[in-house]
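Spelled out from the first residue to the last, the chains are:
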Amino acid sequence: MSYHLLIKKAYKYPLPKQVPNMDGCYYDHEKGYWISKTNNLPVILDKNFIKPRTKKEDRETGEDQKGE
């Protein structure tokens, strides 16, 4: 089966390695960030927390994929 040129040449995005696990956390709407229930600190400061992907990996437009 022959594929269209755009399908052959399209960038294939890698799947995310892991999804952040938000169990044990809650979102504080006033402060605007997730807080750990164990120590009441922002989860982003925890070194073991799997942080969300950045805008650099935007899948909607791909405009941040430099060098294509």
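Above this text is the structure in question.
Now for a description of the structure that goes with this document. (Residues numbered from 1 in each chain as written. Predicted model: local features only at pLDDT ≥ 70, side-chain atom pairs only at ≥ 80, totals over all residues. Heavy atoms only, no water.)

**Structural notes on the environment of K31**
Thinking step 1. Here K31 lies in the loop between β1 (25–28) and β2 (33–36).
Thinking step 2. Once the C-alpha coordinates of K31 and P42 are considered, the two residues, 11 residues apart in sequence, prove to be 9.9 Å apart. (Helix = DSSP H or I, 4+ residues; strand = E, 2+ residues; numbered from the N terminus.)

**A short note on the side chain of D28**
Thinking step 1. Among the structural elements, D28 can be located in strand β1.
Thinking step 2. No salt bridge is formed by the buried D28. Its closest oppositely charged neighbour is K31, at 4.2 Å.
Thinking step 3. Ignoring anything within four residues of it in the chain, the contact list for D28 reads Y33 and I35. (Buried < 20%, exposed > 50% of the residue type's maximum accessible area, 1.4 Å probe, protein only. Lys, Arg positive; Asp, Glu negative; His and termini not counted. Salt bridge = Lys/Arg side-chain N within 4 Å of Asp/Glu carboxyl O. Contact = heavy atoms within 4.5 Å.)

**Points about the packing of aromatic side chains**
Thinking step 1. Under the definition given, this model contains 1 aromatic pair.
Thinking step 2. Residues Y27 and W34 carry aromatic rings whose centres are separated by 5.5 Å and whose planes lie at 65° to one another, so their mutual orientation is edge-to-face.
Thinking step 3. By relative accessible area, which is 34% here, Y27 ends up partly exposed.
Thinking step 4. When its relative accessible area of 34% is taken as the criterion, W34 is described as partly exposed. (Phe/Tyr/Trp six-rings, centres within 6.5 Å; stacked < 30°, edge-to-face > 60°.)

**A word on unusual backbone geometry**
Thinking step 1. A positive phi is found at N40, a non-glycine position, where the angle reads about 55°.
Thinking step 2. Secondary-structure assignment places N40 in the segment after β2.

**As for the side chain of S36**
Thinking step 1. Examined against the element boundaries, S36 turns out to sit in strand β2.
Thinking step 2. For S36, the side chain forms a polar contact with the side chain of T38, separated by 2.8 Å.
Thinking step 3. A polar side-chain atom of S36 sits 3.4 Å from a polar atom in the side chain of N39.
Thinking step 4. Excluding residues that lie within four positions of it along the chain, S36 makes contacts with G24, C25, Y26, L41 and V43. (Polar contact = N/O pair within 3.5 Å; in protein donor to acceptor, adjacent residues only side chain to side chain.)

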